[in-house]
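What follows is the residue order along each chain.
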Amino acid sequence: MKLTKYISIGLIALLSACTVGKKYSRPDVSMPEHFRNSISTTADSVQLPWRTFFKEPQLVGLIEKALAKNNDVSVAVLTIRQLDLNYQQAKLGLYPNLDFSLGANRTWLSKNSLNGSLSEQFLGTAYMDDYSATVRLSWEADIWGKAKNHKESALAEYFMQKENLSALKTRLIAQVAQAYFNLLTLDEQLLVAQKNIAFADTALTMIRLQYKSGQTSSLAVEQAEAQKKTAESLIPVAKQAIAAQENALSILCGEYPNSIERTKSMQEALPTTLFSEGVPANLLSRRPDVKASEYAVVSANAKMNLANIAMYPSISLTPSIGANSFKLNTWFDLPGSLIKTVGVNLTQPIFNKKALKTAYEVSVIEREKWVLNFKQSLLNAVGEVSTALSRGTAAKERLELIQSKNNSLSKATKDALLLYRNGMASYLEVITTLNNSLQNELDAISVRKEQFDATTELYRSLGGGVE
């Protein structure tokens, strides 16, 4: 027994320093120094908490509700709890297993067997009892780093899910903000339609008066009525779109469809802190989805090592101690009933139809797939930021042109009505001016929404804020 003990200790000491597998190193990725459209900002400006970026009270309340009640977020939180349990379990990989068994058996032996005849002779019974109680310990030597890789994989998956949760929350914040601003956009469109109905009604009243006095034809009246109907037709469309958007926003917030309280002005909901100029591309390393992709590579690397380790021999110790007797009254009569065993096992896979080798080769390919996913996530991140920058710049330029045009059209509308009242302009000029004014105001609302969406998307694509 002492010889077995010394052999076991010697083998473990000899092999315990051995490790198998490839240590994780970050994949080589080449990042651009700047984005295609650059703006300048500091590290702090892309780590603004969302409460600092979005300040309008109604919007803040909706975001808080969505973060607390959205079902996708709740599922992600539960997944984190599962992965935390997996990690805590992986941390125990170096500990031995300890089992206790207690059993009593009675066997009726064949009278024609040797044991049966001896039982009749020595015990005076046709059966034989066996009472046992055993404590068995089993421990596998972590020679090749199996426990370490299990722990590394579990920890990487835990952090990956945490980053996925952060990415989900950031995306949810952006979706709520954009849905909320879309509601305000629809409200503005409704107001524009109502204002243009009032203008069209004024023009129609004047044209009817002129028609009654014989100063214009019935065609002018019909055209003016059609113009008014065009403005009126926007009302039910806007109301339907508002109801649909309210329903979608309620569901984002984890509630059944209902009306949404909101501010009356689009300007109040705009972020008060905007980016100035030049975002260095290396700030994308803070994006939670990019970080999650890298953690996936770490986990795949550890799993590849585990698949490699499976082809190496394993050594385990299985000592046990217990009490065994064929009589109940002497079951725990120690030391007479004491039984002790020590086992040292070495297992080396030899032939298993290449299953282990294939599993290792598959894990190598799987790791390479995650490396490519990581690189693709960086490409997507750079593309999203560049697109958001481009959208924001274009929307700003378009809005300046539309606002300048709007000033001219507002004056043109008043002048057209005044000139028509004095017989110096035709009804077609009035209708054309009203149409142009209506379309320009609707364009201005759409561009303001696009500018807000671009700013919100830039905030999200740079990683969002931190709590």
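Residues numbered from 1 in each chain as written. Predicted model: local features only at pLDDT ≥ 70, side-chain atom pairs only at ≥ 80, totals over all residues. Heavy atoms only, no water.

**Side note on the packing of aromatic side chains**
Both the distance between ring centres and the angle between the ring planes are used here to describe each pair of aromatic rings.
Here's step 1: Applying the stated criterion to the full structure yields 10 aromatic pairs.
Here's step 2: Here Tyr158 and Phe159 contribute two aromatic rings whose centre-to-centre distance is 5.5 Å and whose plane-to-plane angle is 65°, an arrangement assigned as edge-to-face.
Here's step 3: With a centroid separation of 5.6 Å and an interplanar angle of 25°, the aromatic rings of Phe159 and Tyr295 are classed as stacked. With Phe159 in helix H6 (residues 146-212) and Tyr295 in helix H10 (residues 288-309), the pair connects residues that are 136 residues apart, well separated along the chain.
Here's step 4: Note on Tyr295: relative accessible area 27%, which makes it partly exposed.
Here's step 5: One aromatic cluster in this structure is built from Phe53, Phe54 and Tyr459.
Here's step 6: Positioned over the ring face of Tyr127 is Arg106, at 4.0 Å from the centre of the ring. (Phe/Tyr/Trp six-rings, centres within 6.5 Å; stacked < 30°, edge-to-face > 60°. Helix = DSSP H or I, 4+ residues; strand = E, 2+ residues; numbered from the N terminus. Buried < 20%, exposed > 50% of the residue type's maximum accessible area, 1.4 Å probe, protein only. Lys NZ or Arg CZ within 6 Å of the ring centre and 35° of its normal.)

**A word on the side chain of Thr170**
Here's step 1: When you line up the elements, Thr170 lands in helix H6.
Here's step 2: Among all residues touching Thr170, those that are not within four sequence positions of it are Arg460, Gly463 and Gly464. (Contact = heavy atoms within 4.5 Å.)

**Some thoughts on the pairing of strand S3 (residues 314-317)**
Here's step 1: Where strand S2 (residues 127-140) meets S3, 2 bridges bridge the pair, whose relative direction is antiparallel. Paired with Glu140 across the strands is Ser316, a residue of S3.
Here's step 2: Relative to strand S6 (residues 344-347), S3 is paired through 4 bridges, and the arrangement is antiparallel. Looking across to S6, one finds that Ser316 is bridged to Asn345. (Pairing = 2+ DSSP bridges.)

**Considering the packing of H6 against H10**
Here's step 1: Running from N to C, H6 and H10 cross one another at 160°; their axes reach a closest spacing of 8 Å. For the element pair H6 / H10, the angle class is roughly antiparallel. Between H6 and H10 lies a crossing whose hand is left-handed.
Here's step 2: Its residues assigned to classes, the contact of H6 with H10 shows 12 nonpolar, 7 polar and 7 charged. (Axes fitted to C-alpha atoms, helices over the stretch in contact; angles between N-to-C directions. Parallel < 35°, antiparallel > 145°, perpendicular 65-115°, else oblique. Left-handed = near helix turned anticlockwise from the far one by under 90°. Nonpolar A, V, L, I, M, F, W, Y, C, P; charged D, E, K, R; others polar.)

**A short note on H6**
Here's step 1: Along its 67 residues, H6 runs 97 Å from first to last C-alpha, staying within 8% of the 99 Å computed at 1.5 Å per residue.
Here's step 2: One or two residues past the end of H6 sits Gly214, with phi positive at roughly 80°. (Expected span 1.5 Å × (residues − 1).)

**Topic: the pattern of salt bridges**
Here's step 1: Applying the stated criterion across every chain, the model contains 23 salt bridges.
Here's step 2: Between Lys195 and Glu441 there is a salt bridge, with its nearest N and O atoms 2.8 Å apart. Of this pair, Lys195 sits in helix H6 while Glu441 sits in helix H12 (residues 427-461), and the two are 246 residues apart along the sequence.
Here's step 3: On the accessibility criterion, Lys195 (41% relative accessible area) is partly exposed. (Salt bridge = Lys/Arg side-chain N within 4 Å of Asp/Glu carboxyl O.)

**Looking at the nonpolar core**
Here's step 1: Grouped together as the largest cluster of nonpolar side chains are 44 residues, with contacts concentrated most on Trp50, Phe54, Ile63, Val176 and Leu249.
Here's step 2: Where this core is concerned, the elements lending two or more residues are helix H2 (50-53), helix H3 (57-69), helix H4 (71-90), H6, helix H8 (234-252), helix H9 (266-269) and H12.
Here's step 3: Tallying contributions element by element places H6 first for this core, with 17 residues.
Here's step 4: Grouped together as the second largest cluster of nonpolar side chains are 13 residues, Val297, Leu378, Val385 and Leu389 included. (Core = buried A, V, L, I, M, F, W, Y, C linked by side-chain atoms within 4.5 Å.)

**A few points about H3**
One turn of an α-helix holds 3.6 residues; hence residues three or four places apart share an orientation.
Here's step 1: Its 13 residues place the ends of H3 18 Å apart at the C-alpha level, agreeing with the 18 Å of an ideal helix rising 1.5 Å per residue.
Here's step 2: Among all positions of H3, only Leu59, Val60, Leu62, Ile63, Ala66 and Leu67 are buried. Down the axis of H3, the buried side of the element spans an arc of 165°, and every buried residue falls inside it. When the buried face of H3 is taken as reference, the exposed residues oriented beyond 90 degrees from it are Pro57 and Ala68.
Here's step 3: On its buried face, H3 sits against H2, H4, H6 and H8. (Arc of directions from axis to C-beta.)

**Brief notes about unusual backbone geometry**
Here's step 1: Note the cis peptide between Leu334 and Pro335, where omega equals 5°.
Here's step 2: Its location among the elements puts Pro335 in the loop between strand S4 (320-325) and strand S5 (338-341).
Here's step 3: Backbone geometry places Lys353, a non-glycine residue, at a positive phi of 60°.
Here's step 4: Along the chain, Lys353 turns up in the loop between S6 and helix H11 (355-421).
Here's step 5: For Lys353, a relative accessible area of 70% corresponds to the exposed category.
Here's step 6: At Lys354, a residue that is not glycine, the phi angle is positive and equals roughly 65°.
Here's step 7: Relative to the helices and strands, Lys354 is located in the loop between S6 and H11.

**Focus on a nonpolar patch on the surface**
Here's step 1: Residues Leu98, Phe100, Leu102, Val135, Ile321, Phe332, Leu334 and Leu338 make up a contiguous nonpolar surface patch of roughly 810 Å² in combined accessible area.
Here's step 2: A per-element tally of the nonpolar patch places strand S1 (residues 97-108) first, with 3 residues.
Here's step 3: Note that Val135 resides in strand S2.
Here's step 4: You can call Val135 partly exposed: its relative accessible area is 33%. (Patch = residues over 30% accessible without salt bridge, like charges linked within 9 Å, V, L, I, M, F, W, Y side chains within 5 Å. Areas by Shrake-Rupley, 256 points an atom, 1.4 Å probe, with all protein chains shown as cover.)

**Some words on the confidence of the model for the protein**
Here's step 1: Residues with a pLDDT of 70 or more make up 87% of the protein, whose mean pLDDT is 83.
Here's step 2: Below pLDDT 50 for its whole length, residues 1-17 participates in 12 contacts with residues either more than four positions away or in separate chains.
Here's step 3: Note that residues 38-45 has pLDDT below 50 and, in this model, 23 contacts with residues that lie over four places away or in other chains. (pLDDT = per-residue confidence, 0-100.)

**Describing the packing of H6 against helix H7 (residues 218-232)**
Between two packed helices, both the angle of their axes relative to each other and the distance between the axes serve to describe the pair.
Here's step 1: Between H6 and H7, whose axes approach to 9 Å, the crossing angle comes to 170°. In this view, H6 runs roughly antiparallel relative to H7, as classed from their interaxial angle. Handedness of the H6/H7 crossing: left-handed. Here Ala193, Asn196, Ile197, Ala200, Asp201, Leu204, Ile207, Arg208 and Tyr211 of H6 lie close against H7, whose contacting residues are Ser218, Ala220, Val221, Ala224, Glu225, Gln227, Lys228, Ala231 and Glu232.

**What to know about the environment of Leu94**
Here's step 1: Position of Leu94 among the secondary structure elements: in the loop between H4 and S1.
Here's step 2: For the pair formed by Leu94 and Asp142, sequence separation is 48 residues and the distance between their alpha carbons is 6.9 Å.
Here's step 3: Apart from the residues lying within four places of it in its own chain, the contact partners of Leu94 are Trp139, Asp142 and Ala147.

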